[in-house]
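What follows is each chain in one-letter form.
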There are 2 protein chains.
Amino acid sequence: MIDPALSVHGVTVLRSVNDLRQTVMTWRHGGLSIGFVPTMGALHEGHMALVRTARETCDRVIVSIFVNPTQFGVGEDYATYPRDEARDSALLEAHGVHALYAPAVEEIYPSGFASEVSVKGISEVLDGELRHGHFDGVATVVTKLLLQGFPDRAFFGEKDYQQLQIIRRLVTDLNIPVSIEGVATVREADGLALSSRNAYLNADQRKIAPTLHRTLQTMAQRFADGEDSKALSTWARSVLLDAGFDAVDYIEVRDAKTLSMIEDPRRAARVLGAAHLGRARLIDNVPV
Amino acid sequence: MIDPALSVHGVTVLRSVNDLRQTVMTWRHGGLSIGFVPTMGALHEGHMALVRTARETCDRVIVSIFVNPTQFGVGEDYATYPRDEARDSALLEAHGVHALYAPAVEEIYPSGFASEVSVKGISEVLDGELRHGHFDGVATVVTKLLLQGFPDRAFFGEKDYQQLQIIRRLVTDLNIPVSIEGVATVREADGLALSSRNAYLNADQRKIAPTLHRTLQTMAQRFADGEDSKALSTWARSVLLDAGFDAVDYIEVRDAKTLSMIEDPRRAARVLGAAHLGRARLIDNVPV
């Protein structure tokens, strides 16, 4: 196989849709299966779990790094979102990734760009209600990335559970021929879900942060035991505020697939929370 | 090649996404190129011009017939839109079409369907302003059909000029790997653009109908000669009403690509009109 692009730190770096397609086509003609891990960079062990799962099931693995402007709202951290491609690409090389797709913003959104993919209902609750347009930005860029690369499988973390369910929905709805694979959240020893935004926490906040996961777990157990979901939300909210969180956006039991309200404990459920702690907005979720 | 589906009137009829993909894959493995002509049925010579162009440039031609509910507004003619698959499939066979893709509504929009593709700006003017949600319905179903079949080329009539430009935009924006081909409008001897909805005209209305095309042509000539576009719209509106049209939705000179307002006669322009005549709403357009 001829590498059609320049290498940095040993991992092939692709900057354009054409280079990505050329690389994928070469591999595909060689009978190789292709796994794709879309990221916004600032890579950590959570991303590496995606990479490991991709490597286990696919012959070639492409990781994309694209800090997507359209999924950041006004006043959110687009400008300051951590970017360090040299560090990220070294990490990817060490984990046996075959190509890094790192396009410029103009490659993804050229002049005149005007299209949007949106998923009704599931995009309008929880984070969708609070972060206006966020999931439309996610849905649009994921659609584009999948149609640019045409991988066999694409890997997304369960940490962003609502995003994962939205992507499953749009891939089914738009007939995009790819298998979407959810990968379990990677956590610190004390339960805190890994996130690029954990870097925003100071030492005191870092000690408080695992309360989010602990509270979600307790909610899941108590919901399974028959307690009322609304009463549990009220309880959990006060637990987080008492622990030192600055504000709670939501902490709720929802239908595991549609994320609509759930009363019946026999249906598959997921407990999801989002809360502010200093500069960080932490999100997490657990199954019931 | 083994036909994976039943035949009616000799043309292979495909009812499911799987059958469509199977057929396309078989052809593709045989090194054949694939042309796709999406329609809503009620086929006429305008559609046959699309088929002929497709046959000239592609080894295999698939025509889809799907009366898409999501592009009809409240009070529009979804229920009464003419449907005659037996007649249409015989016509397609006579024109050498290789497969007819005619899925049921549930195959395109299964339970839980929630996604939408929209193109901002160009979908919000002219017909988009008057037919709320129409172009979102078109953009979504065309995205789905293209991703179901993955043809090399897809053929659309210039008669639905705004639709054509919207589809060009979304295919570029979402990186759908297909070439979009516009085909010139087919007209009766007196200039009336062929349309399934011409069947709604009675004999008197049929005599009035060509005034739309004639007026568009005059506007194009006078705009090229330097006349003011707004003044031309006012003039054209009165011509149509005087001729017997019941109402004029719009008749305007626009930028040929974006359909935004245009003043500068040196930019590529298109003149587009929509007007009501009895039960029919006629649309047409010409280049400047």
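Reading guide: rules and limits
- The residue count restarts for each chain, going from 1 along the sequence in the order it is written.
- Labels follow written order: the first chain is A, the first ligand is 1, and so on.
- Only residues with pLDDT of at least 70 are given local features in this predicted model, and only at 80 or more are side-chain atom pairs given and counted; all residues enter the totals for whole chains, interfaces and linings.
- Each side-chain value is worked out from all heavy atoms of the structure, with water and hydrogens disregarded.
- Each residue gets one of three labels from its accessible area relative to the maximum for its type: buried under 20%, exposed over 50%, partly exposed in between, using a 1.4 Å probe on protein chains only.
- The secondary structure listing takes helices from DSSP runs of H or I that are at least 4 residues long and strands from runs of E that are at least 2 residues long, numbered from the N terminus.
- When DSSP finds two or more bridges between two strands, those strands count as paired.
- Assignment of crossover handedness uses the view with strands pointing away from the viewer, where a clockwise path from the first strand over the helix to the second indicates a right-handed crossover.
- Throughout, a contact is declared for two residues whenever any of their heavy atoms are within 4.5 Å.
- Two parts placed together each lose some accessible area; with a 1.4 Å probe, that loss summed over both constitutes the buried area.
- Salt-bridge detection follows one rule: a side-chain nitrogen of Lys or Arg within 4 Å of a carboxyl oxygen of Asp or Glu.
- Any pair of N or O atoms that falls within 3.5 Å is considered a polar contact. Within protein, one atom must be able to donate a hydrogen and the other to accept it, and sequence-neighbouring residues count only if both atoms are side-chain atoms.
- UniProt positions are given in the numbering used here, feature names are shortened, and annotations may be inferred rather than shown by experiment.
- As used throughout, domain bounds are those supplied by an automatic or database domain assignment.
- Polarity classes work like this: nonpolar for Ala, Val, Leu, Ile, Met, Phe, Trp, Tyr, Cys and Pro, charged for Asp, Glu, Lys and Arg, and polar for all others, with Gly in that last group.
- A helix is expected to span 1.5 Å multiplied by its residue count minus one.
- Directions from the helix axis toward the C-beta atoms define the arc.

Asker: Lay out the pairing of strand β3 (residues 34–39) of chain A in plain terms, naming residues and giving numbers.
Answerer: Residues and elements named next belong to chain A. Most of β3 is tucked away, with 6 of its 6 residues classed as buried. As defined by bridge partners, β3 adjoins strand β4 (residues 60–65) across 6 bridges and the pair is classed as parallel. Residue pairing in the sheet places proline 38 in a bridge with serine 64 of β4. Read as a crossover between parallel neighbours, the route from β3 over helix α2 (residues 45–57) to β4 is right-handed. As defined by bridge partners, β3 adjoins strand β7 (residues 153–157) across 2 bridges and the pair is classed as parallel. Bridging across to β7, phenylalanine 36 finds its partner in alanine 154.

Asker: Hey, could you go over the interface of chain B and chain A for me, with residue numbers and the actual values?
Answerer: In this complex, chain B contributes 24 residues to the contact, which on the side of chain A involves 24 residues. Interface area, chain B with chain A, both sides summed: about 2100 Å², of which 52% is carbon and sulfur. For the interface between chain B and chain A, the tally reads 2 salt bridges. One salt bridge connects lysine 120 of chain A with glutamate 116 of chain B, and the closest N-O pair in it is separated by 3.6 Å. One can count 18 residue pairs in polar contact (both at pLDDT 80 or more) joining chain B with chain A. Of all the elements in the fold, those that place two or more residues in the side of chain B that touches chain A are α1 (17–29), β6 (115–119), α6 (134–149) and α7 (161–173) of chain B.

Asker: Residues and numbers for the UniProt feature "binding site: beta-alanine" (unreviewed entry) in chain A, please.
Answerer: Residues and elements named next belong to chain A. UniProt marks Gln71 with the feature "binding site: beta-alanine" (unreviewed entry), using the numbering shown here. Note on placement: glutamine 71 falls in the loop between β4 and α3 (85–94). By relative accessible area, which is 10% here, glutamine 71 ends up buried.

Asker: Break down the environment of valine 142 of chain B for me, citing the residues and quoting the values.
Answerer: Residue and element names in this part refer to chain B. By secondary structure assignment, the location of valine 142 is in helix α6. Its relative accessible area of 7% is what places valine 142 among the buried residues. Between the C-alpha atom of valine 142 and that of arginine 87, which follows or precedes it by 55 residues, the distance is 24 Å. What valine 142 contacts, discounting residues up to four positions off in sequence, is Phe156 and Ile167.

Asker: Pulling in residues and values, what's your account of the domain arrangement of chain A?
Answerer: Residue and element names in this part refer to chain A. Parsing chain A into structural domains produces domain 1 (8–183) and domain 2 (196–287). Between the C-alpha centres of domain 1 and domain 2 the distance comes to 26 Å. The interface is formed by 21 residues belonging to domain 1 together with 17 residues belonging to domain 2. Regarding the contact of domain 1 and domain 2, the summed buried area is about 1700 Å², with carbon and sulfur atoms giving 51% of it. The three residues of domain 1 that bury the most area against domain 2 are Leu126, Lys159 and Tyr161, which together make up 35% of that side's buried surface. Scanning the region where domain 1 abuts domain 2 turns up 3 salt bridges. Between aspartate 77 and arginine 197 there is a salt bridge whose closest N-O contact spans 3.0 Å. At 3 residues, helix α7 (residues 161–173) tops the list of elements feeding residues into the side of domain 1 that touches domain 2. Taken together, the residues that form the side of domain 1 that touches domain 2 break down as 9 nonpolar, 6 polar and 6 charged.

Asker: So what's going on with α1 of chain B? Residues and values would help.
Answerer: All names here are of chain B. With 13 residues, α1 extends 18 Å between its outermost C-alpha atoms, agreeing within 8% with the 18 Å of an ideal straight helix rising 1.5 Å per residue. Taken as a whole, α1 has its buried residues at Val17, Leu20, Thr23, Val24 and Trp27. The buried residues of α1 occupy an angular sector of 135 degrees when the element is viewed end-on, so they sit on one face. Opposite its buried face, α1 presents the exposed residues Asn18 and His29, each directed more than 90 degrees away. Each element contacted by the buried residues of α1 is listed here: β2 (11–14), β3 (34–39), β4 (60–65), β5 (99–101), α4 (105–108) and α6. Just downstream of α1, glycine 31 is the residue with a positive phi angle, here 80 degrees.

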